[in-house]
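Per-entry structural report
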Amino acid sequence: MIDSGSDVLRFEGVSHAFGAERVLDDVSFGARSGELLCLLGPSGCGKTTALRLAAGLEELQTGRIVVDGLAVARPGVQVAPEKRNVGMVFQDYALFPHLDVLGNVAFGIRDRDTEARRKRAFEVIEQVGMRRFADAYPHTLSGGQQQRVALARALAPKPRLLLLDEPFSGLDARLRAQIRDETLNVVRETGTSTVIVTHDPEEAMYMADRIALMNAGRIEQIGSPVELYTKPVSAFAAMFFSSINRFVGRVVDRQVSTPFGRVAASGLAEGQHVEVLIRPEALHVTRTAGSPAVGAARAEVLSVRTLRRATLLHLCCGDIDGTHVHARVPGRYDAAVGDQVDVAVDRSLAYVFPLDAASATSRKP
């Protein structure tokens, strides 16, 4: 479905191929005014190609692209990148090595005299915290500083649309989190409509108002981070955001059996082969106390891994043919290898999808 009215960017039936390889297949979506939309997906799914088409760096083959109400690309029409009112931050930042920070930021500002360009450049340099580096050259800056300069350069002309192509991928984990947060604050402060490309689900969940999840050149699902995480429309969407516990079975009386009891399978045909996907945090682990409660399974702790904000347990449900599962427990969970625990499931985080032939052969339980 295509959003309309307040969309700053709109893709309408866009397809694109490089030689015989189709990288975008009838893609339609809208990026709303003032929102941050994330194009998320695995490598090769077409997200960077979509961004380059929006920027005008690739010539459109099929469909239509609209920026701020103007059709900037359709068959026979290709508006030049500099006339699209679009700013872009590249993955490698693409700063000009022969220009200092001020020169890089001022480069894209047009239709102003020299003093006005200089004043505007200083405004955005200040906004990204790089004022004292105005005379520095790119090779003297750290990766995080270069990213700030690239962001300032893209924002300097006051574009209606900002495009970011995996802008944090070259930074280490600690710096990535810091620069990501700073970038988000600057984008929110300016109110600039933004589309960011990433393959990192956590990054998308943190930054985006909405996520367009891509798979093999198509939009798999689009919605808020909460919608995509809690209401996935496919096994691909469910598995992309976290590790998963997977079971296969058949629909009987609109339900399917799992080691933790029966799960609703409404809308699926009686006798149909299905897969049940359960997120690790959906497994509730408690100390053993007599017989397991109805819908719970007795399990043995195989390993305990303490993460920053959670504990990951690797469990073996010995009474059920040695089924192995993973549970993620908030905070620190005091357990030892060999402990017996009871495991129940939050059915709101259990998803049932038809088991197709490819799933049956490539995802054995």
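All values derive from a computational prediction rather than experimental measurement.

With that settled, the discussion passes to unusual backbone geometry. For residues besides glycine, phi is generally negative; the peptide bonds are generally trans as well. A positive phi is found at Tyr93, a non-glycine position, where the angle reads about 75°. Residue Asp253 is not a glycine yet carries a positive backbone phi of 55°. Locating Asp253 in the fold gives a position in the loop between strand 12 (245-250) and strand 13 (255-258).

As a further point, take the packing of helix 4 (residues 143-155) against helix 5 (residues 173-190). Relative to each other, helix 4 and helix 5 sit at 15°, their axes nearing to 11 Å. As the angle between them shows, helix 4 and helix 5 are arranged roughly parallel. In this structure, the crossing between helix 4 and helix 5 has a hand that is right-handed. Where helix 4 abuts helix 5, its residues Gly144, Gln147, Arg148, Leu151 and Leu155 lie against Leu175, Gln178, Ile179, Glu182, Thr183, Val186 and Thr190. Grouping the amino acids of the contact of helix 4 with helix 5 by side-chain chemistry returns 5 nonpolar, 5 polar and 2 charged.

Read across the sheet, 5 strands follow the order 2-1-4-5-6 without closing on themselves; strand pairing throughout is antiparallel. The outermost strands of the open sheet, each flanked by one partner alone, are strand 2 (21-32) and strand 6 (77-78). In terms of strand pairing, strand 4 (residues 62-67) meets strand 5 (residues 70-74) through 3 bridges, oriented antiparallel. By the bridge assignment for strand 5, Val67 is matched with Leu70. Sitting on the sheet, helix 1 (residues 47-55) is in contact with strand 1 (7-18), strand 2 and strand 4, with an inclination near 120° to strand 1.

We now examine the pairing of strand 8 (residues 161-165). Buried residues dominate strand 8, accounting for 5 of its 5 residues. Covered by surrounding structure in strand 8 are Leu161, Leu163 and Asp165 together with Leu162 and Leu164, the residues of both alternating faces. Examined bridge by bridge, strand 7 (residues 86-89) and strand 8 share 4 bridges and lie parallel to one another. Following the sheet pairing, Met88 is matched in strand 8 by Leu163.

The subject of this paragraph is the layout of surface pockets. Of the volumes computed, that of the largest pocket is approximately 720 Å³. Forming the walls of the largest pocket are 24 residues, and the residues nearest its centre are Glu82, Val86, Gly108, Arg110 and Pro157. Residue assignment for the lining of the largest pocket shows that the elements contributing at least two residues are strand 7 and helix 4. Ranked by residue count, the leading element in the lining of the largest pocket is strand 7, at 3 residues. By volume, the second largest pocket amounts to about 530 Å³. Pro201, Glu202, Met205, Tyr229, Phe241, Ser242, Ser243, Leu307, Arg308, Arg309, Ala310 and Arg328 together form the lining of the second largest pocket. The element that contributes the greatest number of residues to the lining of the second largest pocket is helix 6 (residues 201-207), accounting for 3 residues.

Conventions we followed
Residues numbered from 1 in each chain as written. Predicted model: local features only at pLDDT ≥ 70, side-chain atom pairs only at ≥ 80, totals over all residues. Heavy atoms only, no water. Helix = DSSP H or I, 4+ residues; strand = E, 2+ residues; numbered from the N terminus. Axes fitted to C-alpha atoms, helices over the stretch in contact; angles between N-to-C directions. Parallel < 35°, antiparallel > 145°, perpendicular 65-115°, else oblique. Left-handed = near helix turned anticlockwise from the far one by under 90°. Contact = heavy atoms within 4.5 Å. Nonpolar A, V, L, I, M, F, W, Y, C, P; charged D, E, K, R; others polar. Pairing = 2+ DSSP bridges. Buried < 20%, exposed > 50% of the residue type's maximum accessible area, 1.4 Å probe, protein only. 1 Å grid on protein atoms, 1.4 Å probe; cavity = no way out; pocket = protein on both sides within 12 Å on 5 of 7 lines; lining within 4 Å. Points joined across faces, edges and corners; volume = space filled by probe spheres on them.

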